[in-house]
Amino acid sequence: MTRFFRIGALVATTALAGLSGAAMAAPNPFASPSTLALQAPRFDVIHDSDYKPAFLQAMAIQKGEMRRIASNHAAPSFDNTIAAMERSGRMLDRVSLTFYGVYQANTNPTLDKTQSDIAPLLSQHQDSIYLDAKLFKRVETLYNDRAHLDLTPEQAQVLTLYYQQFVHAGAKLSPADQIRLRALNTQISTLETAFQQKLLAATRDGALVVDNKAALAGLDDGSITAFAKNAADRKLPGKWVIPLQNTTQQPDLTDMTDRATREALFKQSWTRAEKGDANDTRATIATLAHARAQKAALFGYPDFASYVLYDQMADTPAAVQHFIAELAPATRTQQDREAARIQETIRKDGQTFTLQPWDWMHYAEQVRKQDYALDENQVKPYFELNTVLRDGVFFAATQLYGITFKQRTDIPVYNPDMMVFEVFDKDGSTLGLMYFDYFKRDNKNGGAWMSNFVGQSRLLGTKPVIYNVANFAKPAAGQPDLISFEDVVTMFHEFGHALHGLFANQTYPMVSGTQVARDFVEFPSQFNEHWALDPTVFAHYARHYKTGAAMPQALVDKIKKAATFNRGYNMGELIAAAQLDMAWHALPASAPQQDVDAFEKAALDKTGLNTALVPTRYRTSYFLHIWSNGYSAGYYAYLWTQMLADDSFAWFREHGGLTRENGQHFRDLILSQGHTQDYGPMFRAFYGKDPDITPMLNHRILGTDPN
Ligand SMILES: [Zn+2]
């Protein structure tokens, strides 16, 4: 059994469907384990045309394996049922993990076609397993008898998770309720698709049409030319069309000097999906929220948020609400401070108007230039990519965990720009393989992420083979790889995920390494970001690429200060969005369908934030994450893991910072634990108490960090 994660953008798929007869003329490279070190993918022999037949063959194989488990005449045992499911699907693991690694970072028309052909088949997998009554009966028998099975703690956890996943998918419902569930699932997925399609059209149609070039004052020539071309494409010659971004705030507002245009663009964004036309999403949302509440009620949950949070660290909507509410007062104070500073800037600009949300970005940029200016060209010569990787990212890991790295040039890669390292544990034994694919390409998804080509498991005898992917600008030939500080932080972040995968020390794949909840998985990565500015680590990697000189302290101070710019705004728009998400998914099934705007206003008023000046990052009517992207009742997760990361870094500070002893403690109790226990007890075992929000408040809102 497999869950495939792309950490960073969260694409999860699973596999198994009824296909057979995909006759193989020659052995497919995925048919047997790779003979390379640690079963690294055979990029030297894999062809694009190998993936699809491998998927079909692998799904057929796993289908047979699952059928044999379900129809086994022997009484269910942990080994013949749970461990057997964990052992199944080896070929599917190999092809899926390799395919999704390449598809997301180095795609082409053949891989795109493979994805569209395979995705629907893979998505049937979950249903075919989790609604298999015979299989569930075996799992349930074991679960009910678990106290007498003499299981290890990890086995008990794996059994419980299997049982919960079956139950959560509806295995325990009565036949009548299962029929109702299937109908609701169909209705929900139809509404989600309808929402997505309406929003896409509404966003396209919501672009601002400008008649007069003077209205574009402040924008650069490149943007103005692009807007003229948009207009020509839409058969609006002589005009300009400014397309909408997915967020409430629009990047072009920063440079626009014409206030009326700013207001018009902002209002186009805010009302994009509320025009009363065919693309208005409100009726869809009201029905969808109601259908989700009904689904939760089928399972006996009071609301959809409770249904979703059952396997998350936060556990209950009340815990999430409490957490967000604790962030609000300090954020409000900071918002008011920023608003006052901006109003003062407006006055000094000779204006008399009162600040509105469409003015914020424009005048905040002036504040940034006055108070926080950081010249990237001054900074970048101190951040040479290879030096940052070896003397920063690797150095911090060696200081903390004792692990070392050696480049391997003999391991095949899917792109020549990639680097591969073997990672050694403190005793010199091999821990895993680590690939880096850092440079931007046209055929790569945006952003940065981490995942595994091979997952760690003692049951399967596998060690971690992991990759980090990013989108840094590739230098011209012969030029140094100079990157921004933001890129440096990205490297530390993604390597934090990698450490979580490298230190995995589990028997069963289901609970290995980064196979953890959405509101836990960003904890190791956000924690690792902190080492980028640790004085010892920073001094070790931030050296001028030509002279080797350390960065002048004045420049270091500017980097630190720049990171605090506009933080009241940035945190406020996230908190508002998280609150809105939770409010919608706290509706009980008994509640009538809501008036979307009235509901939203009431929910935002309750946040205690200045949501008039700092509007929610996504309004209900265009909140794609929660209505069709799998983040329903989950938008809070990034903030939650910031609390865990910042609090853990505070623990390090209290205990002497960058030491092997501290690193070992964190590795033993967090990084090597996978999902072998619940997250609350895991955190308490590490720290001796529940997570405290104070370090996050200091670090991300108040700006009162100790150093
Ligand atoms: Zn991440």
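Above: the structure in question.
Below, the structure is looked at part by part. Since the structure is predicted, the reported quantities are computational estimates derived from the model, not experimental observations.

Some words on the packing of helix α5 (residues 133-144) against helix α6 (residues 153-168)
At a minimum axis distance of 10 Å, the contact between α5 and α6 shows a crossing angle of 135°. Between α5 and α6, the interaxial angle falls into the category oblique. As α5 packs across α6, the resulting crossing turns out to be left-handed. Residue-level inspection shows Leu135, Phe136, Val139, Glu140, Leu142 and Tyr143 of α5 in contact with α6, the latter providing Leu159, Thr160, Tyr162, Tyr163, Phe166 and Val167.

Re the side chain of Asp437
In this structure, Asp437 sits in strand β5 (residues 430-439). A polar atom in the side chain of Asp437 sits 2.9 Å from the side chain of Arg441.

A short note on empty space enclosed by the protein
Applying the stated criterion to the full structure yields 4 cavities of 30 Å³ or more. Estimated volume of the second largest cavity: approximately 50 Å³. Taken together, Ala286, Ala289, His290, Trp584, Leu587, Pro588, Ala591, Pro592, Gln593 and Gln594 form the lining of the second largest cavity. Sorting elements by how many residues they give to the lining of the second largest cavity places helix α10 (residues 282-298) first, with 3 residues. For the lining of the second largest cavity, the class distribution of residues is 7 nonpolar, 3 polar and no charged.

Focus on the pairing of strand β6 (residues 449-454)
Of all 6 residues in β6, 6 are buried; the element is thus mostly enclosed. Direction of pairing for β6 relative to strand β7 (residues 465-472): antiparallel, over a ladder of 5 bridges. Paired with Met450 across the bridge in β7 is Asn468.

Examining unusual backbone geometry
Its identity as a non-glycine residue notwithstanding, Leu38 has a phi of 55°, on the positive side. Here Leu38 lies in the segment before α1 (51-70). Phi angles above zero are rare outside glycine, and Asn566 is one such case at about 60°. In this fold, Asn566 is placed in the loop between α20 (553-562) and α21 (567-584).

Rules used in this analysis
Residues numbered from 1 in each chain as written. Predicted model: local features only at pLDDT ≥ 70, side-chain atom pairs only at ≥ 80, totals over all residues. Heavy atoms only, no water. Axes fitted to C-alpha atoms, helices over the stretch in contact; angles between N-to-C directions. Helix = DSSP H or I, 4+ residues; strand = E, 2+ residues; numbered from the N terminus. Parallel < 35°, antiparallel > 145°, perpendicular 65-115°, else oblique. Left-handed = near helix turned anticlockwise from the far one by under 90°. Contact = heavy atoms within 4.5 Å. Polar contact = N/O pair within 3.5 Å; in protein donor to acceptor, adjacent residues only side chain to side chain. 1 Å grid on protein atoms, 1.4 Å probe; cavity = no way out; pocket = protein on both sides within 12 Å on 5 of 7 lines; lining within 4 Å. Points joined across faces, edges and corners; volume = space filled by probe spheres on them. Nonpolar A, V, L, I, M, F, W, Y, C, P; charged D, E, K, R; others polar. Buried < 20%, exposed > 50% of the residue type's maximum accessible area, 1.4 Å probe, protein only. Pairing = 2+ DSSP bridges.

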